[in-house]
Amino acid sequence: MRRKQYVIAGTLVIIAAIGTTVLYSNNREKERVQMEAELAQEMNQNDPEQVAAAEDTESAAEASTVIPPKKARTTESTQKQEITRTTKDTELPEQNRTTETAEVTETQESGADTETRETQETAEAQETAAAPETLHFSPEEGISWPMEGNVILNYSMDSTVYFKTLDQYKYNPAVIIAGDVNSKVYSVAKGQVTRVANDEVTGCTVTVSLGDGYEAVYGQLKELTFDEGDYVEAGHVIGYVSEPTKYFSLEGSNLYFELHKDGVPVDPVDYFQ
């Protein structure tokens, strides 16, 4: 009996311990839940500003993702206005630019016309300069003397005359006029220099066309003042008397002068004024 009583008592103690443990656990759970609820309520009551700031921050972030900032809108509007003004400024001077283009075109055309006229005038001047001048010789008017001096050998194609240096008689197609070295030699008439050559007999020799088939030939010259192709007037200095060639060493310094008609020598004395 006593043993049973011990067993029963032990069982009751165990049951009581289990019940006490379960009850304690339930109470602790209730206390924990209640403490969490109270803590949350205190947080809500004690920090309303932080909660509002957090809510405002969240609202602002959401709004910023939907609505552009005012400054950005203003910048975009300004850019649109600038683009509009630029477009207007570009459109407005279009007529002016067209006018300026027309003026430039007219100026270029005028300059081109002027240049064309100048080119034509230059070409005409060159053609005029290149065109040979028509020369006329009048036997009635004759020619002037090419220099002052004595005729030491006359023109003679009908009979021979004596040449001292050569010591022989020869036909003479020219007149030999004595003159000092460096004496001036003048053009006998208007003409064009057609030939300048060095001849063994007559030295530096110049041929001038007088027109109508007449030519004047000057020999024993130096320091010419005209070139082939140049035009000379009557009385112009053609050159100067040089030292005589070996064919006229005894005759002394002189001017050798011939006058041709159609390539045939004629007596210059018949034409001298």
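Refer to the structure above for everything that follows.
Throughout, a residue's number is its position along its own chain's written sequence, starting from 1. Given that the model is predicted, a residue must reach a pLDDT of at least 70 before its local features are reported, and side-chain atom pairs must reach 80 or more before they are shown or counted; all residues, however, enter totals for whole chains, interfaces and linings. Computation of side-chain values: all heavy atoms of the structure, hydrogens and water removed.

### With respect to the nonpolar core
Then, number 1: In plain words, nonpolar cores are sets of buried Ala, Val, Leu, Ile, Met, Phe, Trp, Tyr and Cys residues tied together by side-chain atoms within 4.5 Å. Burial here depends on accessible area, computed with a 1.4 Å probe over protein chains only, as a share of the maximum for the residue type. Under 20% is buried, over 50% is exposed, and the range in between is partly exposed. If you look at the biggest cluster of nonpolar residues, it comprises 27 residues, and the most contacted ones within it are Ile-143, Leu-210, Tyr-218 and Phe-257.
Then, number 2: Elements are defined by DSSP. Helices are runs of H or I of four residues or more, strands are runs of E of two residues or more, and each kind is numbered from the N terminus. Broken down by element, the residue count for this core peaks at 4 residues, all from strand 8 (residues 214–222).
Then, number 3: Counting 7 residues, the second largest nonpolar core, distinct from the first, contains Phe-163, Ala-174, Ile-176 and Tyr-256.

### Remarks on the environment of Gly-149
Then, number 1: Relative to the helices and strands, Gly-149 resides in the loop between helix 4 (94–130) and strand 1 (151–153).
Then, number 2: For Gly-149, a relative accessible area of 36% corresponds to the partly exposed category.
Then, number 3: Along the primary structure Gly-149 and Leu-255 are separated by 106 residues, whereas in three dimensions their C-alpha atoms are 9.2 Å apart.
Then, number 4: The criterion used for residue contact is that any of the two residues' heavy atoms lie within 4.5 Å. The residues touching Gly-149, leaving out its near neighbours within four places in the chain, are Ile-177 and Ala-178.

### Regarding the side chain of His-260
Then, number 1: Checked against the element boundaries, His-260 lands in strand 11 (residues 254–261).
Then, number 2: Note on His-260: relative accessible area 12%, which makes it buried.
Then, number 3: In contact with His-260, other than residues within four places in its own chain, are Gly-213, Tyr-214, Glu-215, Val-217, Pro-265 and Val-266.

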